[in-house]
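Working through the structure, step by step
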Amino acid sequence: MKLNISAVSLFVKRVMTAGLVPFVAGSPGLGKSAVAKDIANEWDLKLIDVRLSQCDPTDLNGFISTNAEKTKCGYLPIDTFPIEGDKLPVDEEVSIIDDKGNKVIIKPRREYKGWLLLLDEINSAPRLVQAAAYKLVLDKQVGKFDIHHKVVMMTAGNLKSDGAIVNDMGTAMASRLVHCEMGADVESFTTWATKVGIDHRVIAYVNFRPENLHNFDPKHSDKTFPCPRTWEFTSKLIKGEVNLKGFMAVVEGAIGAGASREFMTFCEIYGELPTIQEMVKDPDSVVISNEPSVKYAIAGMISEFADTKNIGQLMKVVNKLPFEFQMIALQGTVQRDRTLLQNPDVMAWVTTQSKHMVAGA
């Protein structure tokens, strides 16, 4: 059973709360490490990301420490791993002095409640490294030192079926992890993307072409491919840019040739649509084309730019859309700003549509 990113997050939190260690397997680019990052932020934990495929057994067992007395020889852990007695982590404040001599805080001081240790690429690690990780995962020790009791652990890795470098995991390790497989679906991606501020054109396109949310072929010849990770890259590349002329090369570098051509064509539709300002000024004059791509584009624009000042006028445009596109527009709008649910026009829509759905049931 494949779980979407929201379900994986719940799965991981339940497993870690029970004092166990989850193993999340999934294709490249689905957001396995993003799950760890989000949970770390939610629980106020310092994230430690260790790529086991790049580790040596010594990194996990510790380095030998010699002493004149044989009984005092042992292994010292590297400082990557918090051990009992360590103080809780703190990120110190980062600030600069501006041109007027004022102190400007770039990053405020942050005190954490503990650590989230992500052991990524665990099934890509050599067997000797996996064996060294066994003690860390199961006994919560590095060498003879106990891992700090404020540490929770998560493991992750790729699927052998995806052509990734994957080594068989020993049964002793596998039987002590709680396993799940991660998949991708448009609804959970849209929720996440809206939450983190992914460009509305990316969200609209993925809803328009859901098969390109994660289009991974282990035998592909492209240097890259569309997936949640590379769509996030694409968003960063185009965010704030209205005219994407000349952006083909960088978008292709993020999501590959085929998807980039279709995505850029989709973005050209935005240049032919009325602007948000025009919709607000004269919503009655907005004509909705029968082209699905246009409907997705309009729904995406509204979900991105609706606010307390313009939502009343924009609802007149929303109501011209077919119901499924109304849902897309308003779900994104409300996910971004839940206070808009208090708007009378939005409340009226919710009341009307809920009556229709009840009647239809």
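Below or above, wherever it landed, is the structure these notes cover. If you're wondering where the values come from, they're calculated on a predicted model, not measured in any experiment. (Residues numbered from 1 in each chain as written. Predicted model: local features only at pLDDT ≥ 70, side-chain atom pairs only at ≥ 80, totals over all residues. Heavy atoms only, no water.)

1. Considering the side chain of Thr333
Formally: Comment: elements are numbered from the N terminus, with helices defined as DSSP H or I runs of at least four residues and strands as E runs of at least two. Any two residues whose heavy atoms approach within 4.5 Å are treated as being in contact.
Mapped onto the elements, Thr333 comes out in helix 14 (residues 323-336). Look past the residues within four positions of Thr333 in its chain and what remains in contact with it is Ile302, Ser303, Ala306, Ile311 and Leu340.

2. Let's talk about the pattern of salt bridges
For the record, the criterion: For salt bridges, the criterion is a side-chain nitrogen of Lys or Arg within 4 Å of an Asp or Glu carboxyl oxygen. With a 1.4 Å probe rolled over the protein chains alone, any residue whose accessible area is under 20% of its type maximum counts as buried; one over 50% counts as exposed, and the rest are partly exposed.
The final tally for this structure, using the stated rule, is 14 salt bridges. Linking Glu181 and Lys2 is a salt bridge whose minimum nitrogen-to-oxygen distance equals 3.9 Å. With Glu181 in strand 14 (residues 178-182) and Lys2 in strand 1 (residues 2-3), this residue pair connects regions lying 179 residues apart in the sequence. The exposed category is assigned to Lys2, whose relative accessible area is 57%. Arg209 is the salt-bridge partner of Glu211, the closest N and O atoms lying 3.9 Å from each other. Look at the salt bridges and you will find they share partners, linking Asp49, Arg51, Asp120 and Glu121 into a network.

3. A closer look at the sheet that holds strand 14
Short version of the rule: Paired strands, as defined in this entry, are two strands with at least two bridges between them according to DSSP. Between N-to-C directions, angles cover 0 to 180 degrees, with each direction set by a line fitted to C-alpha atoms, over the stretch in contact for helices.
Across the sheet, 6 strands lie side by side as 1-14-2-13-10-3; this open sheet has parallel pairing. Only two strands of the sheet have a single partner each, and these edge strands are strand 1 and strand 3 (45-51). Across 2 bridges, strand 1 lies against strand 14 in parallel orientation. Its bridge partner being in strand 14, Leu3 is matched across the sheet by Met182. Strands strand 2 (22-26), strand 3, strand 10 (114-120), strand 13 (151-157) and strand 14 of the sheet are contacted by helix 2 (residues 32-43), whose axis makes an angle of about 175° with strand 10.

4. What to know about a nonpolar patch on the surface
Filter applied, for reference: Patch members must show over 30% relative accessible area and no salt bridge, and they are joined within 9 Å when carrying like charges or within 5 Å when they are nonpolar side chains of Val, Leu, Ile, Met, Phe, Trp or Tyr. For accessible areas, the Shrake-Rupley method is used with a probe of radius 1.4 Å. Any residue's cover is judged against the shown protein chains and nothing else.
Together, Val94, Ile96, Val104 and Ile106 make up a nonpolar patch on the protein surface, roughly 310 Å² of accessible area in all. Broken down by secondary-structure element, the contributors of at least two residues to the nonpolar patch are strand 7 (94-97) and strand 8 (103-107). Its place among the elements puts Val94 in strand 7. For Val94, a relative accessible area of 38% translates into the label partly exposed.

5. Focus on the environment of Ser33
Considering the arrangement of structural elements, one finds Ser33 in helix 2. For the pair Ser33 and Leu118, spaced 85 residues apart in sequence, the C-alpha separation works out to 7.9 Å.

6. Some thoughts on the packing of helix 7 (residues 200-208) against helix 8 (residues 228-238)
How we decide: Geometric relationships in this document are graded by angle, where less than 35 degrees denotes roughly parallel, more than 145 denotes roughly antiparallel, 65 to 115 denotes roughly perpendicular, and other angles denote oblique.
Interhelical geometry of helix 7 versus helix 8 gives an angle of 140° and a closest axis separation of 9 Å. Comparing their axes, helix 8 and helix 7 come out oblique. Where helix 7 abuts helix 8, its residues Arg201, Val202, Tyr205 and Val206 lie against Trp231, Thr234, Ser235 and Ile238.

These results come straight from atomic positions and should not be treated as a statement about function.
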